[in-house]
Amino acid sequence: MRLPVLNQGDSGGGCGGGCPPEPPGDSRRSFLRTTVSVGAGFAALGAALSPLRDLDVDKAFSGDSLLRDHYKELSAEEKARLFADIEAQIDRSYGVKASVGDPQPIPGVEFVYALNLSRCDGNRACVHACVKENNQSRSPEIQYIRVVEMPIGTFDPEHGDHYYGDEETPKPGHFYMPMQCHQCANPPCTKVCPVEATWQEADGITVIDYDWCIGCRYCQAACPYWARRFNWTDPEIPADELNPDMAYLSNRPRSRGVMEKCTFCLQRTRKGRMPACLEACPTGARKFGNILDPSSEVSQILRNKRILVLKEEVGTRPRFFYYFDERGPQPNEGGAA
Amino acid sequence: MSNRPFEVVISWGIPLVLLALAAVMFWSPIELDDPIPAPVHVDRMSLGAHPVRVAMHDPAAIEVASFDVNCNQCHALFEHDSINPPGLTRHNDIVMNHGENSWCFSCHDIEQRQRLALTAGETVGYDEVPRLCGKCHGPTWRDWQRGTHGKTVGSWKTGDERQRRLSCTECHDPHSPAFAAGIPLPGPNTIRMGKHGAHGDDGVHRPLAQWMHHIIDDAHSDGTDH
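Everything numeric here is computed off the predicted structure, so don't read it as measured data. (Residues numbered from 1 in each chain as written. Chains lettered and ligands numbered in written order. Predicted model: local features only at pLDDT ≥ 70, side-chain atom pairs only at ≥ 80, totals over all residues. Heavy atoms only, no water.)

1. Considerations on the overall build of chain A
Part 1 of the reasoning: Scanning chain A from terminus to terminus reveals ten helices and twelve strands.
Part 2 of the reasoning: Taken across its 337 residues, chain A has 50% of its residues classed as buried.
Part 3 of the reasoning: Taking contacts inside chain A between residues at least 6 apart in sequence as the whole, the part at least 24 apart equals 65%. (Helix = DSSP H or I, 4+ residues; strand = E, 2+ residues; numbered from the N terminus. Buried < 20%, exposed > 50% of the residue type's maximum accessible area, 1.4 Å probe, protein only. Contact = heavy atoms within 4.5 Å.)

Have a look at this one:
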């Protein structure tokens, strides 16, 4: 009945051979004890591994995409293979025939966003158009755009309310400031990334390679605009709401444990289209374009309007500007005119 | 051998407790409250690039008994130039709420209803509404021409054929031009998006504050709202 190996510690090693022989009762007990301990050990191991029960083999990538080089070092063939792999994986898990593209920055184009604080009325169409376009998780909810309601005369986003919504907007005496990734020219987020999973591209868009990201969330802590989001769980998107027009560095589906953020809809804008948030905005408060083109709307705005750079003092040099309209004297307002 | 009972408790107790814990983790009989709220449903139709309203084009017409009738088809039949028509027998669906600008003929041409009136007898068609508005709203018209008021959709590239700039009347009702207030689309609904110090004016980070807030709100309102 004795298990020599398991009992070694008890009989031999413990008292240097000088121990009295153990009574039979003792050895049975120690055997039972050992069995229970080993059993508990295996059970604990099993319990620790139990999340594997939920592992969806369909969602796991093939070895190719796990053992590849950094995005910037991939050859055209390697990219093609990788994207085909991702498309197949999307088909397996969503039953959707998506196309994963890789539009490149357009030479001579640097994107800039401008947002008219005099016009935004806080309706949040942008927020949800963005979720839809960029395949953000619906549950738990991930939104790139955060609209902050603040009393007119104050300017403190930290104490503004971004959960407003029970009352009609615009609420008298309040203004609304949508915030999203500012695509900084001097981005703190890319500098803190320990694995170079996020970088700034030639047209000014800061991108993330979701396959390279290790989920340390340093970038989230570094961002002064609260623009980066983390996938705490597997993102959940209804298959019929998946936007099949995807790009590798922007709106392809993410997985648990990676960061994501606004990419100025590069899958659209690098093909000349407008970002989804702009198209959905009913008030026309959102403006987007090429700052290197002097006739573009954003160039006109930067030349002619009063501009606000959010947290200018932190030196991030954002490519996202807020502006105001001048408002002449209003005939029906006492005192004016 | 004096601490025997203690040893027994240790050597049997700990593995048994561990076994029990492992069983709990494996079969999870306890229903844990899921802090992930259910997804919100948003009318996806409202998220496209649709203009706020459908504007009129040349030749201007209104629907009369389900036929499209041009303004002139009626207005050529009679001469009518009441200075300020209160209680019209027709067009009484029109509600003027344009500040002091309540006179029909500051916009509609008095002779030709198919046209809009600029200054000094000059007229434009309904396709050129911005010029009409521009005669009174100079700065806004200038902004619109530069693209800083209103909206350009389709493409950001100057000269791209997909590019289209919305006309004033695709956003503003000319008779009642102010934007209506409305209930916004749903806000963030996750405990993980709390911004730093969202609910603590004392500067303390309480990521769960919003979550608690909801529970308390729901308890007060018997869960009837949202």
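2. Remarks on the overall build of chain B
Part 1 of the reasoning: Scanning chain B from N- to C-terminus turns up five helices and six strands.
Part 2 of the reasoning: Written out in order from the N terminus, the α and β elements of chain B read α-β-β-α-β-β-α-α-β-β-α.
Part 3 of the reasoning: For chain B, long-range pairs separated by at least 24 residues make up 41% of all intrachain contacts whose partners lie at least 6 apart in sequence.
Part 4 of the reasoning: Taken as a whole, chain B presents about 15000 Å² of accessible surface, with 60% of it coming from carbon and sulfur. (Areas by Shrake-Rupley, 256 points an atom, 1.4 Å probe, with all protein chains shown as cover.)

3. Here we look at the interface of chain B and chain A
Part 1 of the reasoning: With 61 residues of chain B at the interface, the matching set in chain A holds 81 residues.
Part 2 of the reasoning: Summing both partners gives a buried area of about 6000 Å² for chain B against chain A, and 56% of it is carried by carbon and sulfur.
Part 3 of the reasoning: The interface formed by chain B and chain A contains two salt bridges.
Part 4 of the reasoning: In this structure, the salt-bridge partner of Lys305 of chain A is Asp143 of chain B, at a minimum N-O distance of 2.7 Å.
Part 5 of the reasoning: Across the chain B-chain A interface, the total number found is 20 residue pairs in polar contact (both at pLDDT 80 or more).
Part 6 of the reasoning: Elements with a minimum of two residues in the side of chain B that touches chain A: α1 (4-27), α4 (138-146) and β5 (152-153) of chain B.
Part 7 of the reasoning: In terms of residue count, α1 of chain B provides more of the side of chain B that touches chain A than any other element does, nine residues in total.
Part 8 of the reasoning: In the side of chain B that touches chain A, the residues fall into 26 nonpolar, 22 polar and 13 charged. (Buried area = accessible area lost by both parts, 1.4 Å probe. Salt bridge = Lys/Arg side-chain N within 4 Å of Asp/Glu carboxyl O. Polar contact = N/O pair within 3.5 Å; in protein donor to acceptor, adjacent residues only side chain to side chain. Nonpolar A, V, L, I, M, F, W, Y, C, P; charged D, E, K, R; others polar.)

4. Re the pattern of salt bridges
Part 1 of the reasoning: Counting across every chain of the model gives 26 salt bridges over all chains.
Part 2 of the reasoning: Of the charged contacts, one joins Arg131 of chain B and Glu128 of chain B as a salt bridge, the two residues approaching to 3.5 Å between their closest N and O atoms.
Part 3 of the reasoning: Owing to a relative accessible area of 33%, Arg131 of chain B belongs among the partly exposed residues under this scheme.
Part 4 of the reasoning: Assessed through its relative accessible area of 37%, Glu128 of chain B is described here as partly exposed.
Part 5 of the reasoning: Put simply, Arg162 of chain B and Asp160 of chain B hold a salt bridge, and the shortest N to O gap is 3.0 Å.
Part 6 of the reasoning: Three or more residues are tied together by salt bridges with common partners; here these are Arg119, Lys305 and Asp325 of chain A together with Arg142 and Asp143 of chain B.

5. Comments concerning the packing of aromatic side chains
The description of an aromatic ring pair uses the distance of the two centres, along with the angle that the planes make with each other.
Part 1 of the reasoning: Applying the stated rule across the entire model yields 14 aromatic pairs over all chains.
Part 2 of the reasoning: Look at Phe111 of chain A and Trp156 of chain B: their rings are 5.0 Å apart centre to centre, the planes differ by 85°, and that puts the pair in the edge-to-face class. Taken together, the residues Phe111 of chain A in strand β2 (residues 111-116) and Trp156 of chain B in the loop between β5 and β6 (164-165) connect one chain to another. The residues Phe111 of chain A and Trp156 of chain B share a single accessibility class, namely buried.
Part 3 of the reasoning: One residue, Arg124 of chain A, lies across the ring of Tyr164 of chain A, its end atom 3.9 Å from the ring centre.
Part 4 of the reasoning: Of note, Arg254 of chain A hangs over the ring of Tyr210 of chain A, and the distance from its end group to the ring centre comes to 5.5 Å. (Phe/Tyr/Trp six-rings, centres within 6.5 Å; stacked < 30°, edge-to-face > 60°. Lys NZ or Arg CZ within 6 Å of the ring centre and 35° of its normal.)

6. Observations concerning the nonpolar core
Residues and elements named next belong to chain A.
Part 1 of the reasoning: Of all hydrophobic cores here, the largest spans 58 residues; its most connected members are Ile90, Ile145, Tyr248, Phe264, Phe288 and Tyr322.
Part 2 of the reasoning: Elements represented by at least two residues in this core include exactly α4 (76-94), β2, α5 (125-133), β3 (146-151), β4 (174-179), β8 (245-247), α9 (276-280) and β12 (320-324).
Part 3 of the reasoning: Ranked by residues supplied to this core, first place goes to α4 with five residues.
Part 4 of the reasoning: If you look at the next biggest cluster of nonpolar residues, it comprises ten residues, including Cys189, Ile208, Cys213 and Cys219. (Core = buried A, V, L, I, M, F, W, Y, C linked by side-chain atoms within 4.5 Å.)

7. Some words on the sheet that holds strand β11 (residues 306-308) of chain A
All names here are of chain A.
Part 1 of the reasoning: Read across the open sheet, the four strands follow the order β10-β2-β12-β11; overall the sheet is mixed. Edge strands, defined here as strands with exactly one partner in the open sheet, are β10 (286-290) and β11. Going from strand to strand, the sheet's axes swing by 30° on average, the running direction of each strand aside.
Part 2 of the reasoning: The pairing of β2 with β12 spans four bridges and is classified as parallel. (Pairing = 2+ DSSP bridges. Axes fitted to C-alpha atoms, helices over the stretch in contact; angles between N-to-C directions.)

8. Things to note about the side chain of Thr206 of chain A
Residue and element names in this part refer to chain A.
Part 1 of the reasoning: Among the structural elements, Thr206 can be located in strand β6 (residues 206-208).
Part 2 of the reasoning: Take Thr206: its relative accessible area is 1%, and that puts it in the buried class.
Part 3 of the reasoning: Filtering out sequence-adjacent residues up to four positions away, Thr206 remains in contact with Gln183, Cys184, Pro187, Cys189, Thr190, Thr198, Trp199, Gln200, Arg228, Lys261, Cys262 and Thr263.

9. Quick look at the pairing of β3 of chain A
Residue and element names in this part refer to chain A.
Part 1 of the reasoning: By the criterion of burial, β3 is predominantly enclosed, with five of the six residues buried.
Part 2 of the reasoning: Inspection of the sheet shows β3 paired to β4 by six bridges, in the antiparallel sense. Bridge assignment links Pro151 to a residue of β4, and that residue is His174.

10. Focus on α4 of chain A
Part 1 of the reasoning: The end-to-end C-alpha distance of α4 of chain A, which contains 19 residues, comes to 26 Å, matching closely the 27 Å that a straight helix rising 1.5 Å per residue would cover.
Part 2 of the reasoning: Positive backbone phi, approximately 65°, marks Gly95 of chain A, located one or two places after α4 of chain A. (Expected span 1.5 Å × (residues − 1).)

11. Some remarks on the confidence of the model for chain A
Part 1 of the reasoning: Here chain A shows a mean pLDDT of 86. Residues at 70 or above account for 85%.
Part 2 of the reasoning: Of the regions scoring below 50 in pLDDT, residues 1-14 of chain A engages in 15 contacts with residues more than four places distant in sequence or in other chains. (pLDDT = per-residue confidence, 0-100.)

12. Remarks on unusual backbone geometry
Residue and element names in this part refer to chain A.
Part 1 of the reasoning: Of the consecutive residues Ser139 and Pro140, the connecting peptide bond is found in the cis state with omega at -5°.
Part 2 of the reasoning: Its location among the elements puts Pro140 in the loop between α5 and β3.
Part 3 of the reasoning: Omega for the peptide link from Thr169 to Pro170 comes to -5°, which places this bond in the cis form.
Part 4 of the reasoning: One non-glycine residue, Asn135, lies in positive phi territory at about 50°.
Part 5 of the reasoning: Tracing the backbone through its elements, the reader meets Asn135 in the loop between α5 and β3.

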